[in-house]
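Take a look at the letters that make up each chain.
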Amino acid sequence: MLSATLAEGLERYQIGPKLRALRLRKKIGLVELGHHTGLSAAMLSKIERGRLFPTLPTLLRIALVFSVGLDYFFTAGTEPVRAVVRKADRKRFPERPGARQVAYHFESLDFPAENRPMNSYLVEFEDADERDRRPHEHAGVELIYVIEGRLGVAFDDREETLDAGDSLYFDATQPHSYHRIGKRRCSAVVVTA
């Protein structure tokens, strides 16, 4: 028998509702799930209704049927992630702190969201000299959507020119740099994942 403290702690993970959602999404009945896991339909029903908390080996048997990891069940809460970032709350940062001349300034558009699989920025590109365009690379991919102006994105082998409304998706492990083309203001949304 679990203490009230332990039961309360486990309830916040909503293991039962998560199991039920997985089962209904796959259109599997309790009896059929029981055949796949070796567990009784009665036990699975108690888990779904929060009347029984499964052991880790039992939960792993269930997770394997749905091709999810145990972490799926231990993400706190079932609320969807939402993070509103007001324009007044954003902070503007230079590409390189302390540098006199930079190629761009950026503002994070999603900083309050925790454990996010992507990062998004509003970027304003400056009139930078060739020496200020330092190539960089990072893991993952990047998407640039130009809001206004004209932007050059340089890679080792070529340069892409983007106008307002254009976008570019690329493997961010390639060294790349950005620069504003012309004197007109240039801004873009940049998303990395």
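Residues numbered from 1 in each chain as written. Predicted model: local features only at pLDDT ≥ 70, side-chain atom pairs only at ≥ 80, totals over all residues. Heavy atoms only, no water.

Here we look at the overall build of the protein
From N to C terminus, the protein includes five helices and nine strands. Secondary structure elements of the protein occur, N-terminal to C-terminal, as α-α-α-α-α-β-β-β-β-β-β-β-β-β. A globule of 193 residues ought to have a C-alpha radius of gyration of about 16 Å, yet the protein, at 25 Å, is considerably larger. Viewed in the frame of its principal axes, the protein has a C-alpha envelope of about 70 × 35 × 25 Å. (Helix = DSSP H or I, 4+ residues; strand = E, 2+ residues; numbered from the N terminus. Rg over C-alpha atoms; globule rule 2.2 N^0.38 Å.)

Examining the sheet that holds strand E8 (residues 176-180)
The strand order E6-E5-E8 describes an open sheet built from three strands, whose pairing is antiparallel. Whereas interior strands pair on both sides, the edge strands pair on one side only; in this sheet they are strand E6 (159-163) and E8. Adjacent strand axes in the sheet meet at a mean angle of 20°, parallel and antiparallel pairs treated alike. With five bridges connecting them, strand E5 (residues 150-155) and E8 associate as antiparallel partners. Directly across from Leu-151, in E8, lies its bridge partner Arg-180. (Pairing = 2+ DSSP bridges. Axes fitted to C-alpha atoms, helices over the stretch in contact; angles between N-to-C directions.)

Notes on the side chain of His-179
Note that His-179 resides in strand E8. Reaching out from His-179, the side chain makes a polar contact with the side chain of Glu-159 at a distance of 3.3 Å. The residues touching His-179, leaving out its near neighbours within four places in the chain, are Arg-133, Arg-150, Leu-151, Gly-152 and Glu-159. (Polar contact = N/O pair within 3.5 Å; in protein donor to acceptor, adjacent residues only side chain to side chain. Contact = heavy atoms within 4.5 Å.)

Some thoughts on the packing of aromatic side chains
Counted according to the given criterion, the structure contains eight aromatic pairs. Between Tyr-13 and Phe-74 the ring centres are 5.7 Å apart and the planes differ by 70°, which places this aromatic pair in the edge-to-face class. Note that Tyr-13 is positioned in the loop between helix H1 (4-11) and helix H2 (15-25) and Phe-74 in the loop between helix H5 (56-66) and strand E1 (93-94), a separation of 61 residues in sequence. Taking 5.0 Å as the distance between ring centres and 80° as the angle between the ring planes, the aromatic pair formed by Phe-155 and Phe-170 counts as edge-to-face. Taken together, the residues Phe-155 in strand E5 and Phe-170 in strand E7 (residues 167-171) connect sequence positions 15 residues apart. The same class applies to Phe-155 as to Phe-170, namely buried. (Phe/Tyr/Trp six-rings, centres within 6.5 Å; stacked < 30°, edge-to-face > 60°. Buried < 20%, exposed > 50% of the residue type's maximum accessible area, 1.4 Å probe, protein only.)

Notes on the nonpolar core
In terms of nonpolar packing, the biggest core is built from 16 residues, with Phe-125, Ile-144, Leu-151, Val-153 and Tyr-178 touching the most fellow members. Every element with two or more residues in this core is listed here: strand E3 (119-125), strand E4 (141-148), E5, E7 and strand E9 (186-192). In contact with Ile-144, other than residues within four places in its own chain, are Leu-151, Val-153, Leu-162, Asp-166, Ser-167, Leu-168, Phe-170, Tyr-178, Ala-188, Val-189 and Val-190. (Core = buried A, V, L, I, M, F, W, Y, C linked by side-chain atoms within 4.5 Å.)

Structural notes on the sheet that holds E1
With antiparallel pairing, six strands are arranged side by side in an open sheet as E1-E2-E3-E9-E4-E7. Every interior strand has two partners, whereas the edge strands, E1 and E7, have only one. With six bridges joining them, E4 and E9 adopt antiparallel strand pairing. Within the sheet, the bridge partner assigned to Val-146 lies in E9 and is Ala-188.

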